[in-house]
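# Observations on the three-dimensional arrangement
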Amino acid sequence: MFKSPQAFYDAVMGKSIDMDGAYGAQCWDLFDYFCNKEGVTCSRYCSLSGYAGDLYKLRYQYGYNKYFEFFYPKNAKRGDWYFSDHHVAMVWDVYSDGSVLLLGQNQGGKKWVTLKTYKLSDALGMMRWKGWISMNGWVSSNGKWYFYRDGDKLTGWHKLTWSQGENWLFFDSDGVMVTGWRKITYKGTKQWFYFDSSGAMVTGFTEIDGKWYFLNDDGTLFSGEKVLTLSFDASGAMEGEA
């Protein structure tokens with residue numbers, strides 16, 4: 001039913017889902033809802049402790065390997081089901097500081113689907129749904145932009161061809177597209193670069209916040225003295241430096 005993690009997010013975010021009518025909307029109910037919609041026939045009975053982590057511990061006995069692949073927490077990515085001893089939720093983002101943003105219920109006591117940050121180190125492991133279509137392209141989350149290739153977020157420098165043309169963009173260690181001024185290690189030293197609101201690296205003679213700057217062809221900020229030849233179109237408007 002759900003072709004991507006985004007489709008699942010759109011279907012459940014902000015809703016309260018109680019599949020078994022017991023204890024209200026719990027984290028287990030969201031996983032049970034997903035499995036029901038996707039036709040997973042494995043038992044969802046938490047027979048060891050009564051908590052959701054039992055399903056991961058019993059994953060082979062219950063036959064979840066027919067529907068999911070299993071991964072260590074360090075290999076988590078968006079769309080994976082995160083299991084700790086007492087919690088199950090879908091991974092929405094993984095951060096470089098060892099935390100993970102989860103799409104789940106009963107997070108912070110809220111009996112509806114929310115996003116909340118947890119420690120990745122608390123996870124028993126991850127179940128990855130075999131039916132996902134690999135994510136590709138731009139994804140927006142919490143006001144930040146990411147670019148995916150075959151389900152993985154880009155990081156570092158990448159030259160992308162898109163509706164704005166062909167541009168160099170930079171994605172930080174969490175995969176977030178950088179905008180504005182950013183100091184980045186380049187050829188062994190820290191250098192200033194500027195990225196416009198679309199993420200494109202800026203070059204040339206440019207006005208930024210009322211001040212004029214010159215950024216070299218490789219995007220690095222120039223300082224010192226430089227002779228520029230400026231060109232103007234037929235209307236007298238400056239076109240740029242020659």
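Quantities reported herein were computed from a predicted structural model and do not represent experimental measurements.

Time to look at the nonpolar core. With 35 residues, the main nonpolar core has Phe8, Phe31, Phe34, Tyr64, Phe68, Trp81 and Met127 as its most contacted residues. Considering each element in turn, this core owes the most residues, seven residues, to helix H2 (residues 27-38). Excluding anything up to four places from it in sequence, phenylalanine 68 contacts Phe31, Phe34, Cys35, Val40, Trp81, Met127, Arg128, Trp129 and Lys130. In this structure, Tyr82, Leu120, Ala123 and Met126 belong to the second largest nonpolar core, which totals 10 residues.

What follows covers the side chain of aspartate 80. Structurally, the position occupied by aspartate 80 is in the loop between strand S1 (68-71) and strand S2 (81-83). Using a relative accessible area of 0% as the deciding quantity, one classes aspartate 80 as buried. A distance of 2.7 Å separates a polar atom in the side chain of aspartate 80 from a polar atom in the side chain of arginine 128. In this view, aspartate 80 contacts Asn75, Ala89, Met90, Val91, Met126, Met127 and Arg128; residues no more than four positions away in its chain are not counted.

Time to look at the layout of surface pockets. When its volume is computed, the largest pocket comes out at roughly 330 Å³. Taken together, 14 residues make up the lining of the largest pocket; nearest its centre are Tyr23, Gln26, Trp28, Gly50 and Tyr51. The computed volume of the second largest pocket comes to approximately 200 Å³. Lining the second largest pocket are Lys74, Ala76, Lys77, Arg78, Asp93, Val94, Leu120, Tyr148, Gly151, Asp152 and Lys153. Those elements that provide at least two residues to the lining of the second largest pocket are strand S3 (88-94) and strand S9 (152-153).

Moving on to the pairing of strand S15 (residues 211-215). Looking at chain direction, strand S14 (residues 204-208) and S15 are connected through five bridges and run antiparallel. When the bridges of S15 are listed, threonine 206 appears paired with tyrosine 213. As consecutive antiparallel partners, S14 and S15 are separated by two residues, and within that stretch aspartate 209 has a phi angle of approximately 50°, a positive value.

Look at H2: 17 Å from first C-alpha to last across 12 residues, which is about the 16 Å you get at 1.5 Å a residue. Burial of H2 is extensive: 10 of the 12 residues sit out of reach of the surface. Those residues of H2 lying buried are Cys27, Trp28, Asp29, Leu30, Phe31, Asp32, Tyr33, Phe34, Cys35 and Glu38. Backbone geometry just downstream of H2 places glycine 39 in the positive-phi region, at approximately 80°.

The next thing to look at is the environment of glycine 109. Here glycine 109 lies in the loop between strand S4 (99-104) and strand S5 (114-119). On the basis of relative accessible area, glycine 109 is assigned to the exposed category, the value being 52%. Separated by 83 residues in the primary sequence, glycine 109 and glutamine 26 have C-alpha atoms spaced 9.4 Å apart.

Taken as a whole, helix H1 (residues 5-12) has its buried residues at Pro5, Phe8, Tyr9 and Val12. Seen from one end, H1 has its buried residues packed into an arc of 100°, which puts them on one side. Tucked into the core, H1 has its buried residues touching H2, S2, S3, S4 and S5.

Once that is clear, we can look at the sheet that holds S2. Strand order in the open sheet formed by six strands is S1-S6-S2-S3-S4-S5, with antiparallel pairing between adjacent strands. At either margin of the open sheet sits one strand with a lone partner, and together these are S1 and S5. In this sheet, neighbouring strand axes are inclined to one another by 40° on average, regardless of whether the strands run parallel or antiparallel. The sheet contact formed by S1 and strand S6 (residues 125-129) spans four bridges and is antiparallel. Across the sheet, the residue bridging to phenylalanine 70 is methionine 127, located in S6.

Applying the stated criterion across every chain yields a total of six salt bridges. A salt bridge links aspartate 93 to lysine 153, with the shortest nitrogen-to-oxygen separation between them at 3.2 Å. On the criterion of sequence distance, the pair formed by aspartate 93 in strand S3 and lysine 153 in strand S9 is long-range, its members being 60 residues apart. When its relative accessible area of 23% is taken as the criterion, lysine 153 is described as partly exposed. Lysine 159 is the partner of glutamate 166 in a salt bridge, and the nearest nitrogen-oxygen pair spans 3.8 Å. Residue class for glutamate 166 comes out exposed when judged on its relative accessible area of 51%.

Rules and cut-offs
- For every chain, the first residue of the written sequence is number 1, and numbering continues from 1 onward in sequence order.
- Per-residue local features are limited, in this predicted model, to residues with pLDDT of at least 70; the limit for side-chain atom pairs, both in listing and counting, is 80 or more; totals at the level of whole chains, interfaces and linings are taken over all residues.
- Based on all heavy atoms of the structure, the side-chain values leave hydrogens and waters out of the count.
- Only buried residues count toward a nonpolar core. Its members are Ala, Val, Leu, Ile, Met, Phe, Trp, Tyr and Cys residues joined through side-chain atoms within 4.5 Å.
- Exposure is judged per residue with a 1.4 Å probe applied to protein chains only, and the accessible area is read against the type maximum: over 50% gives exposed, under 20% gives buried, and values in between give partly exposed.
- Think of it this way: any DSSP run of H or I at least four residues long counts as a helix, any run of E at least two long counts as a strand, and we number them from the N terminus.
- Residues count as neighbours in contact if any of their non-hydrogen atoms are within 4.5 Å of one another.
- Think of a polar contact as two N or O atoms within 3.5 Å of one another; within protein, one of them needs to be a possible hydrogen donor and the other a possible acceptor, and neighboring residues in sequence only count if both atoms come from side chains.
- A 1.4 Å probe that fits but cannot get out identifies a cavity on a 1 Å grid over protein atoms alone, an open set with protein on both sides within 12 Å along at least five of seven lines counts as a pocket, and a residue lines either if it has an atom within 4 Å of a point.
- Grid points are joined across faces, edges and corners, and a volume is the space filled by probe spheres set on the points.
- Paired strands are those between which DSSP finds at least two bridges.
- To estimate the expected span of a helix, count its residues, drop one, and scale the result by 1.5 Å.
- In this description, the arc belongs to the directions extending from the helix axis to the C-beta atoms.
- Orientation is described by lines fitted to C-alpha atoms, with helices fitted over the stretch in contact, and by angles between N-to-C directions that extend from 0 to 180 degrees.
- Salt bridges are defined as contacts in which a side-chain nitrogen from Lys or Arg sits within 4 Å of a carboxyl oxygen from Asp or Glu.

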